[in-house]
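# Chain and residue survey
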Amino acid sequence: AKAQIGVTGLAVMGRNLARNLARNGFSVALHNRTQARTDALVEEFGSEGDFVPSTDLAGFVESLEQPRKIIILVKAGAPTDAVIDELVPLLDEGDIVVDAGNAHFLDTRRRESALKEKGLHFVGSGVSGGEEGALNGPSIMPGGSPESYAALEPMLTKISAHVNGEPCCVHVGPDGAGHFVKMLHNGIEYADMQLIAEAYDLLRHVLDLSPAELADVFRDWNTGDLESFLIEITAEVLSQTDPTTGGPFIDIILDQAEQKGTGRWTVQSALDLGIPVSGMAEAVFARSLSGDVVRREAAAGVLPGPAQAKLDVDRQAFIDDVRHALYSSKLVAYAQGFDAIRAASDEYGWDIDLGAMAKIWRGGCIIRARFLDRIKEAYDRNPDLPSLLVDDYFKEAVANGQEAWRRVVAAAATVGVPAPGFSAALSYYDGLRAERLPAALIQGLRDLFGAHTYKRVDREGSFHLEWSGDRSESTQ
Ligand code: 2AM
């Protein structure tokens, strides 16, 4: 019998996805450029289900029932194109090619359109949850045609994570929609982690708490509104002792954060869409700064800090303040992220259901959190919500926390602890709610030096002032 679905590219993500499919009762054709990986999978995990290994791509394609469903899990970029180019001549009309890697959504749009011309379906699908998720249930974000999703749905929803019996998998939208949403998920993950790191840093500096004590704070936070996978594992990292020195593990980790690029892509895309995603941008920049060894070495111990390095604060009160700052800043980051998804959805005609995105992120993925239920509910109440921040529930949450948030940003500035995420989020909040912004001055300057014109609050039209002449106003 022929296999129901195939996986080519059997590094850890591909291998785990193939095993997940097989464990759920689907027969899985296997292929990898280097055959040793295929052999190793069958040898180690062959008993988990029905695997159909092939040594070459033609054999792999032959081993699949039609219309074929093929998942590609190779490196993003040129390797993905290479595999697609090799695969396409072997396929028949109606076959479905799924790229489950972290492709850039513009690449996915290009590939989808090229394959469509050949009568093939191309599905760019986000898969989140790392190795663990791929094996035991990821959050799955497939793009592509509705027909291809209909064919894949029974398998994808079965192998995805489930929350309250509901699969963390939904058809996101046409062509690049799935990969765009996966990219945004990663951008939000960057922001989330940066905010958690700032909370840790502030608590440690201001209160002199040990990492073990800080682990308890995060454990406690994980029982409330902040409950999430990332808060849970923060407690785990902070409570770990170093096997070599016996001291806190956090203190022996080099403080230079690396990145693979999806955070940067998110910010680049948001810049193109004109959506301020300051939470994610600050997170990407903070990682870059941490890795900028040359400038950090030149400045550390050289550039002066504030005279006041300590604050006189009540311990529990400050912990609560930081919790509010974290929650409010996180909300801003998510609001910005959903704004970017909406903007891309409008730009590319994807018609993405924002509430459904929050829903499929509740399980399987790295940003899974209780909070996502609240986002889903907010979009259920109003699918056209202009910003998550103006939803009644979130408005109330920030109203309760904003004074604390302000105290925390002020405290960070006072003692000289960097808090770019908290501060940028607060500035965004204040910018959003301002009745009048200094953008008026910017327009005045632009008109003065470049005759770029301005609009008036009291009349329609574009105007220009004769700055170097009689200062009369003309309509443009
Ligand atoms: P390999 O085992 O032969 O290296 C992650 O690197 C996965 O992508 C691996 O399964 C790897 O195959 C595969 N891969 C990377 N580049 C590839 C290419 N150009 N063609 C096919 N597979 C590729």
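Let us look at the structure shown here. (Residues numbered from 1 in each chain as written. Predicted model: local features only at pLDDT ≥ 70, side-chain atom pairs only at ≥ 80, totals over all residues. Heavy atoms only, no water.)

## A few points about the nonpolar core
Put simply, the rule is: We define the nonpolar core as a collection of buried residues of types Ala, Val, Leu, Ile, Met, Phe, Trp, Tyr and Cys that are connected through side-chain atoms lying within 4.5 Å of one another. In this scheme, a residue with accessible area under 20% of its type's maximum is buried, one over 50% is exposed, and one in between is partly exposed, where area comes from a 1.4 Å probe on protein chains only. Contacts were defined at the residue level, with two residues in contact if any of their heavy atoms lie within 4.5 Å.
Ranked by internal contacts, the top residues of the largest apolar core, which has 92 residues, are W221, F338, W361, I375, L388 and F422. Those residues in contact with L388 that sit more than four places away from it in its chain are L331, Y334, A335, F338, I375, A378, Y379 and F394. Counting 28 residues, the second-largest nonpolar core is a separate cluster that includes V7, A22, V123 and I159.

## Things to note about the sheet that holds strand β11 (residues 462–465)
The strands making up a sheet associate through backbone hydrogen bonding, with each pair oriented either parallel or antiparallel. Short version of the rule: Strand pairing is assigned whenever DSSP identifies at least 2 bridges connecting the two strands. Think of it this way: any DSSP run of H or I at least four residues long counts as a helix, any run of E at least two long counts as a strand, and we number them from the N terminus.
One open sheet holds the three strands; their spatial order is β10-β11-β12, and the pairing between them is antiparallel. Both outer strands of the open sheet, β10 (454–455) and β12 (473–475), are each paired with one neighbouring strand and no more. Judged from the three bridges that link them, β11 and β12 form a sheet pairing that is antiparallel. Bridging from a neighbouring strand, L465 pairs with E473 of β12.

## Observations concerning the pairing of strand β5 (residues 96–99)
Quick note on the threshold: Classification remark: right-handed applies to a crossover when, strands pointing away from the viewer, the course from the first strand over the helix to the second runs clockwise.
Side chains I96 and V98 of β5 all project onto a buried face; the interleaved residues V97 and D99 project onto the opposite face, where all are buried too. By the bridge criterion, four bridges tie strand β4 (residues 69–72) to β5 in an arrangement that is parallel. Paired with I72 across the two strands is D99, which belongs to β5. Handedness of the β-α-β unit built from β4, helix α4 (residues 78–87) and β5 comes out right-handed.

## Observations concerning the site of the ligand
Quick note on the threshold: Near residues are defined by distance, with any heavy atom within 4 Å of the molecule or strand qualifying the residue. Whenever two N or O atoms come within 3.5 Å, that pair is a polar contact, provided that in protein one can donate a hydrogen and the other can accept it, and provided that, for residues adjacent in sequence, both atoms are side-chain atoms. Per-residue accessibility takes into account occlusion by the displayed protein chains alone, with areas from the Shrake-Rupley method and a 1.4 Å probe. For cavity detection a 1 Å grid was placed over the protein atoms alone, and a set of points counts as a cavity when a 1.4 Å probe fits there but cannot get out; an open set counts as a pocket when protein lies on both sides within 12 Å along at least five of seven lines, with lining residues being those that have an atom within 4 Å of a point. Molecules are considered to sit inside a cavity or pocket once more than half of their atoms lie within 2 Å of its grid points. For this classification, the nonpolar set comprises Ala, Val, Leu, Ile, Met, Phe, Trp, Tyr, Cys and Pro, the charged set comprises Asp, Glu, Lys and Arg, and every other residue, Gly included, is treated as polar.
Close to the ligand lie G9, L10, A11, N32, R33, T34, R37, V74, K75, P79 and V83. Between the ligand and R33 there is a distance of 3.0 Å, counted from an oxygen atom to a side-chain nitrogen or oxygen. The protein chains hide 81% of the 480 Å² of surface that the ligand would expose on its own. Its atoms largely coinciding with the cavity grid, the ligand occupies the second largest pocket. Looking at the shell around the ligand residue by residue, the classes come out as five nonpolar, three polar and three charged.

None of this, on its own, says anything about what the molecule does.
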